[in-house]
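As a plain string of letters, each chain reads:
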Amino acid sequence: QVQLVESGGGLVQAGGSLSLSCAVSGRNYNSAMGWFRQAPGKEREFVAAISWNGITILYADSVKGRFSISRDGAKKTVYLRMNSLKPEDTARYYCASRPGYNSASSNSDNYDYWGQGTQVTVSS
């Protein structure tokens, strides 16, 4: 079993920044990680993903150049740094893992474990 706990969400003005963290516990070996988000009334969408070895990183076009995903050396925490935030970034952000798969993926169906999410609200 793998447990994921997100933190760092909040309310920020447009143009501001936030850093999200995802604390990982349990048997999360060789696991690529991803961040997804879901706004009210919308489907969940891919934000960013990172491979187990950190070499491959993927971003949604909507966040490319503004968001940055990373993970610590111990593979216990995954981060999402969000700069130049826009009102359309408002959503609940979820961390996800896919144990046993090194490769990053933008497909939510490829992830086995999910956190409870953290709310990000960007005011205009």
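What you see is a predicted model; the values in this text were computed from it and never measured.

K.L.:
Go over the environment of Pro-87 with me, naming the residues and quoting the values.
P.N.:
Secondary-structure assignment places Pro-87 in the loop between strand S8 (77–82) and strand S9 (91–98). Classification of Pro-87 as partly exposed rests on a relative accessible area of 34%. Separated by 21 residues in the primary sequence, Pro-87 and Ser-108 place their C-alpha atoms 23 Å from one another. The contact partners of Pro-87, leaving out residues within four places of it in the chain, are Ala-14, Val-122 and Ser-124.

K.L.:
Tell me about the sheet that holds strand S3 (residues 18–26), and please be specific about residues and values.
P.N.:
Read from one edge of the open sheet, four strands run S1-S3-S8-S7, paired in antiparallel fashion. Edge positions in the open sheet fall to strand S1 (2–7) and strand S7 (67–71), since each of these has one partner strand only. Each strand axis lies, on average, 15° off the axis of its neighbour in the sheet, ignoring direction. For S1 and S3, the ladder comprises six bridges, and the chain directions are antiparallel. Residue pairing across strands places Val-2 opposite Gly-26, the latter belonging to S3.

Reading guide: rules and limits
- Residues numbered from 1 in each chain as written.
- Predicted model: local features only at pLDDT ≥ 70, side-chain atom pairs only at ≥ 80, totals over all residues.
- Heavy atoms only, no water.
- Helix = DSSP H or I, 4+ residues; strand = E, 2+ residues; numbered from the N terminus.
- Buried < 20%, exposed > 50% of the residue type's maximum accessible area, 1.4 Å probe, protein only.
- Contact = heavy atoms within 4.5 Å.
- Pairing = 2+ DSSP bridges.
- Axes fitted to C-alpha atoms, helices over the stretch in contact; angles between N-to-C directions.

So yeah, pure geometry; function would need other evidence.
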